[in-house]
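Descriptive structure summary
Listed below, chain by chain, are the residues.
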Amino acid sequence: MALPLAVVWSQVAQQVTSGLAAGAIYASLALALVLIYQTTNVVNFAQGEMATFTTYIAWTIMNHGVAYWPAFVLTLLIAFGGGVTVERVLIRPVEHRPELVIVILTIGMLIAINGLTGWIWGPEVKAFDSPFPNRSVIVGGVAISIQDIGTFCVCLGTVVVLWLFFRFTTLGLAMRSVAFNPDASRLMGVRVGWMLALGWGFAAALGAVAGMMAAPTVFLDPDMMLVILIYAFAAAVLGGIDSPVGAVVGGLLLGVVINLLGSYVDFVGQELRLPTALAVLLLVLVIRPRGLFGRVVVRRV
Amino acid sequence: MRRWASPVLQGLVLAAAVVLIVLLPRFTSEFRLGQFTYVGIYFIALLGLNILTGYNGQISLGHAAFMAIGGYTAAILILGQKGFELAGHDPAQVIPEHGMRALFTIPIAGLVTGVIGYLFGLPALRLAAVSLALATLAVAVSFPALAKRFEHLTGGGGGLSLPLPHAPFGWDISTPHWLYYEAWVTAAILFVVAWLLVRGRVGRAWRAIRDGEIAAVSSGVSPAVYKTLAFGISAAYAGVAGALFAIQVSYINPDTFPVTLSILLLASVVIGGLSSLSGVIVGALVLEFLPIYAQAPPVLHLNFAKQAGPVVFGFVLMVIVLLVPGGMASLIRRITRPLTAALARKA
Amino acid sequence: MSLTVAEGEIVALLGPNGAGKTTTLRAVSGTVRHTGEIVFEGKQIARSKPDAVARAGVAHVPEGRGLFAELSVWENLRMGAYVRGERRTLRQEAPRVFKYFPWLERRRDQQAGTLSGGEQQMLALARALVGRPRLLMLDEPSLGLAPTVVHEIFRIVKELNADDGLTVLVVEQNANVALDAAARAYVLEVGQVAIEGESAELRRHEGVRKSYLGY
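These numbers were taken from a predicted model, which means no experiment stands behind them. (Residues numbered from 1 in each chain as written. Chains lettered and ligands numbered in written order. Predicted model: local features only at pLDDT ≥ 70, side-chain atom pairs only at ≥ 80, totals over all residues. Heavy atoms only, no water.)

Details of the overall build of chain C
When helices and strands are counted, chain C shows 10 helices and 8 strands. In summary, chain C has a C-alpha radius of gyration of 17 Å against a globular reference of 17 Å for 215 residues, a match within 12%. In terms of overall dimensions, chain C has C-alpha extents of about 50 × 40 × 30 Å along its principal axes. Classification of the 215 residues of chain C by burial places 55% in the buried group. (Helix = DSSP H or I, 4+ residues; strand = E, 2+ residues; numbered from the N terminus. Rg over C-alpha atoms; globule rule 2.2 N^0.38 Å. Buried < 20%, exposed > 50% of the residue type's maximum accessible area, 1.4 Å probe, protein only.)

Here's what the structure looks like:
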């Protein structure tokens, strides 16, 4: 225990930064869940599998000699189209059925997409390129991996772009209005059905970002997003399932906390990170069911 | 006249099913028999899941974890302390006398899992349907990690090898036959229990809560009591199924009950038909045979990759959800209705 | 039942609860299933979806106002302009609307849900106006509001009608106020038009006076 304070500090700082990188991935996928929850009012269990599938598409595109960033953008477009199509074809017919029915439909998608991924690309683990160099930079005595910085920036950059879109564009406003009050939106001339489809499109694209950022470290395999989906859900619930800000903050928080617990609490270690996240999830739900940032509707009648 | 024609027909179908199950071992190979033993085990797990999801409206994606708890309970009891110490070193040395008779561990596994399920149901009360689904999925995903972490109990990743099961009390039947009857007699008992529960006061309370919690409260039903009860009973069923499963394969490790199984269990309940006890048998058949036949469709002489199973499973589930909300049970009922009507007219 | 609203006219729909006033408006805006015929500016819109009706130029301020409580005042106005392409319309129409509701401009960043009932009703009205509707339908604008606020709202509606020839179909419980603003009115009873005529004429009608005006 005679470690100099500076060493301890730099270790902790390293754990925090790599926690932030992982957290940014959870945040992206959590935000995807929230986007769909806000519009369709269900949690999309296939979100992770959709992300995995699109990450495999990115892998295929890159294997055909396309450079990383063009492949990245192309994948986002494909994911977006896929998300829109899924909503139009599968979700639309059950839109007005009970929540349970839609949830089960997304579970059907989970099973089918997971199988399809394994069928098309095989079950073996694949390496996935990272766009960032495998080096570290030293900032204030702390070695931070460029991979972590890049992951964090790409994920949060995507989130910021989305935020600007929702805040300032007409389409973004219309999508938000649909989330809050679909009936009133219809009276404003909004094609509500298409807004829902766009919501699924954006969610799928966000998932693709999360998948492509996660793949270099967790490696590409058909089940790679299952655990990340659960972290993302825990993050979304932590922040309040209807709060986009909450999803992002919850994701980052969870990433850092889990990383620190995993590194410094022996009992948790590597293996028990997921059960720990689950415990956090249950605790939050029991103490504060609407999460940290859950919506308190201010309304005067 | 119609009023009694339907129960009579139901009774006839049930009787035919019992005869079929009893006589089946005479006509099939031991390999096939093993498959039908799994059908019986799945039948039990699906009964439990249908009580929770179909009759009480709570989704669980964690039933494989409950099966695993039942399986480990049975395995640990069968090995006993001494057998447990030996199991790690040399499974061949383990002899049945070290622990409990396999048959007796089944109800205990059910009880233990039921209590754990009941306890899990308590915090679950505060969860909305969807959060519950994800919380239970998280349980199923974390269970293998937990099982590996508590190595001294579970044998870690290496798992626990059990002694090969034999028919007890000196019965002179082969092991596969014994396992088949063990599974199906248990299934029959639990079917009757489920039927009585669902028909009675408890079942009415469950359905009332599923159809509207507020209305249920105002008619004097306590959601907290009945929802946790449903969780406990459902878990107990899964625990029994898990124990039977572990005995059947005489081995258990953290991956014996994977997350995939949890998800497929829920899918099978829906495919068979939510809140339909007769749909459960269809669900159990689908769960065992659909992946096999999807991979190698009979007659067509095709052979697909292993993943064809889940793909077809997923698509069947989606088609059922989109087109046949009542599941296969309602489809069968729709097809047989003309027959029932004809019978009623004759009578 | 059959009713017409001419361009540039304010028409009131009166009648007891359950007479079908709200349903009539909802039939026009396409938010309820019905079997009738609805012709708007020569086009059949009876089978159109609500968003298509809105884009055709019908603004419906529904019961309960249909505001986006979580969005700001300004964002609600932006939604009002959505039908005609948000940005250009808003640039042209917002100043015009602010003339009638000057306080809205000062409080454009306030969350709509935190406004008082009267303010919310005015915001709903303003939001509808930003889209420059060819027909404005108001459902019970006076509901739950103080008399002075109700008068203020109807004053603005009349002003808009006089200034720009705005066409209005208004459903009201408060027959006095409605007849004051409207040129013509229909009295509905159990899904039927019971009485129709000029406002002045209806004021003299004995049945209307007894049942709706209270003298």
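Let us keep going from here.
Side note on the overall build of chain B
The number of helices and strands found in chain B is 14 helices and 2 strands. In terms of overall size, chain B behaves like a compact globule, its C-alpha atoms giving a radius of gyration of 21 Å where 347 residues would be expected to give roughly 20 Å. Taken along its principal axes, the extent of the C-alpha atoms in chain B is 65 × 50 × 40 Å. In chain B, the proportion of contacts linking residues at least 24 apart, taken out of those at least 6 apart, comes to 77%. Just so you have it, chain B exposes about 15,700 Å², and 69% of that area is on carbon and sulfur atoms. Computing the positive centroid from 21 side-chain charges and the negative centroid from 11, chain B places the two 22 Å apart. (Contact = heavy atoms within 4.5 Å. Areas by Shrake-Rupley, 256 points an atom, 1.4 Å probe, with all protein chains shown as cover. Lys, Arg positive; Asp, Glu negative; His and termini not counted. Charge placed at Lys NZ, Arg CZ, Asp CG, Glu CD.)

Considering the domain arrangement of chain C
All names here are of chain C. The domain boundaries assigned to chain C delineate domain 1 (1–57 + 134–215) and domain 2 (67–132). Here the C-alpha centroids of domain 1 and domain 2 sit 22 Å apart. On the domain 2 side, the residues contacting the 18 residues of domain 1 number 13 residues. Roughly 1,200 Å² of surface becomes buried between domain 1 and domain 2 when both sides are summed, with 74% attributable to carbon and sulfur atoms. When the buried surface of domain 1 facing domain 2 is broken down by residue, Ile153, Ile156 and Leu160 rank first, second and third, together holding 33% of it. Scanning the region where domain 1 abuts domain 2 turns up 1 salt bridge. The partner of Arg96 in a salt bridge is Asp164, and the shortest N-O contact between them spans 2.6 Å. Where domain 1 meets domain 2, there are 2 residue pairs in polar contact (both at pLDDT 80 or more). Among the elements of the structure, α2 (50–56), β5 (135–139) and α7 (147–164) are those that each provide at least two residues to the side of domain 1 that touches domain 2. (Domains from an automatic or database assignment. Buried area = accessible area lost by both parts, 1.4 Å probe. Salt bridge = Lys/Arg side-chain N within 4 Å of Asp/Glu carboxyl O. Polar contact = N/O pair within 3.5 Å; in protein donor to acceptor, adjacent residues only side chain to side chain.)

Some thoughts on a positive patch on the surface
Residue and element names in this part refer to chain C. Taken together, the side chains of Arg84, Arg87, Arg88 and Arg91 define a basic patch exposed on the protein surface. Here Arg88 lies in helix α4 (residues 86–100). Residue Arg88 is classed as exposed on the basis of its relative accessible area of 51%. (Patch = residues over 30% accessible without salt bridge, like charges linked within 9 Å, V, L, I, M, F, W, Y side chains within 5 Å.)

What about the packing of helix α2 (residues 30–55) of chain B against helix α7 (residues 175–199) of chain B?
Residue and element names in this part refer to chain B. Contact geometry for α2 and α7: axes closest at 9 Å, N-to-C directions at 20°. Regarding the angle of α2 to α7, the classification is roughly parallel. Crossing geometry of α2 relative to α7 is assigned as left-handed. Where α2 abuts α7, its residues Glu30, Leu33, Phe36, Thr37, Val39, Gly40, Ile41, Phe43, Ile44, Leu47, Ile51 and Tyr55 lie against Pro176, His177, Leu179, Tyr180, Ala183, Trp184, Thr186, Ala187, Leu190, Phe191, Ala194 and Val198. In the contact of α2 with α7, the residues fall into 19 nonpolar, 4 polar and 1 charged. (Axes fitted to C-alpha atoms, helices over the stretch in contact; angles between N-to-C directions. Parallel < 35°, antiparallel > 145°, perpendicular 65-115°, else oblique. Left-handed = near helix turned anticlockwise from the far one by under 90°. Nonpolar A, V, L, I, M, F, W, Y, C, P; charged D, E, K, R; others polar.)

Concerning unusual backbone geometry
Residues and elements named next belong to chain C. Backbone geometry at Arg65 places phi at a positive 75°, although glycine is not the residue there. By the secondary structure assignment, Arg65 is in the loop between β4 (58–61) and α3 (73–81). Unusually for a residue other than glycine, Arg132 sits at a positive phi of about 45°. If you trace the backbone, Arg132 turns up in the loop between α6 (117–130) and β5. Classification of Arg132 by relative accessible area gives partly exposed; the value is 36%.

Some words on the arrangement of the chains
Among the 2 pairs of chains in contact, the pair with the most contacts is chains A and B. Over all C-alpha pairs, chain B and chain C never come within contact, reaching a minimum spacing of 23 Å.

Some points on helix α8 (residues 201–211) of chain B
Residue and element names in this part refer to chain B. For α8, every residue scored as buried is listed here: Val202, Gly203, Ala205, Trp206 and Ile209. Relative to the axis of α8, the buried residues are bounded by an arc of 160° and lie together on one face. Opposite its buried face, α8 presents the exposed residues Arg201, Arg204 and Asp211, each directed more than 90 degrees away. Buried positions along α8 lie against α2, α7, α9 (213–218) and α10 (223–249). (Arc of directions from axis to C-beta.)

Structural notes on the interface of chain A and chain C
On the chain C side, the residues contacting the 24 residues of chain A number 29 residues. Summed over both sides, the interface between chain A and chain C buries roughly 2,400 Å², with carbon and sulfur atoms accounting for 59% of that surface. Inspection of the chain A/chain C interface yields 2 salt bridges. The partner of C:Glu75 in a salt bridge is A:Arg167, and the shortest N-O contact between them spans 3.2 Å. Our count for the contact surface shared by chain A and chain C stands at 6 residue pairs in polar contact (both at pLDDT 80 or more).

Observations regarding the layout of surface pockets
Residue and element names in this part refer to chain B. Within this model, the largest pocket holds a volume of roughly 1,800 Å³. Lining the largest pocket are 46 residues, with Gln10, Val13, Leu14, Phe191 and Ser278 positioned closest to its centre. Of all the secondary-structure elements, those providing two or more residues to the lining of the largest pocket are α1 (2–27), α2, α7, α12 (277–295) and α14 (327–346). Broken down by element, the residue count for the lining of the largest pocket peaks at 14 residues, all from α1. The residue inventory of the lining of the largest pocket, partitioned by class, reads 32 nonpolar, 9 polar and 5 charged. (1 Å grid on protein atoms, 1.4 Å probe; cavity = no way out; pocket = protein on both sides within 12 Å on 5 of 7 lines; lining within 4 Å. Points joined across faces, edges and corners; volume = space filled by probe spheres on them.)

Structural notes on the pairing of strand β7 (residues 184–189) of chain C
All names here are of chain C. Most of β7 sits out of view: 5 of its 6 residues are buried. Where strand β1 (residues 10–14) meets β7, 4 bridges bridge the pair, whose relative direction is parallel. Of the residues in β7, the one forming a bridge with Leu13 is Tyr186. Direction of pairing for β7 relative to strand β8 (residues 192–198): antiparallel, over a ladder of 6 bridges. Opposite Tyr186, over in β8, you have Glu196 as the bridge partner. Taking the residues that link successive antiparallel strands as the turn, the β7-β8 hairpin has 2 residues, and the phi of Val190 there is positive, at about 30°. (Pairing = 2+ DSSP bridges.)

Things to note about the sheet that holds β5(C)
Residues and elements named next belong to chain C. The strand order across the open sheet formed by 6 strands is β4-β5-β6-β1-β7-β8, and the pairing between neighbours is mixed. What marks the edges here is a single partner per strand, and that holds for β4 and β8. Strand-to-strand, the axes of this sheet are offset by a mean angle of 15°, without reference to chain direction. Of the strand pairs in this sheet, β4 and β5 are connected by 4 bridges, and their pairing is parallel. By the bridge assignment, Ala59 is partnered in β5 with Leu136. Contacts between helix α1 (residues 21–29) and the sheet are confined to β1, β4, β5, β6 (168–171) and β7, with β5 contributing the most and set at about 145° to the helix.

A closer look at the interface of chain A and chain B
Contacts between the two partners involve 39 residues from chain A and, on the opposite side, 42 residues from chain B. Carbon and sulfur atoms supply 85% of the area buried between chain A and chain B, which totals about 3,600 Å² over both sides. On the surface where chain A and chain B come into contact, there are 1 residue pair in polar contact (both at pLDDT 80 or more). Elements supplying a minimum of two residues to the side of chain A that touches chain B: α4 (99–121), α9 (224–239) and α11 (273–287) of chain A. The leading source of residues in the side of chain A that touches chain B is α4(A), at 16 residues. Its residues assigned to classes, the side of chain A that touches chain B shows 32 nonpolar, 3 polar and 4 charged.

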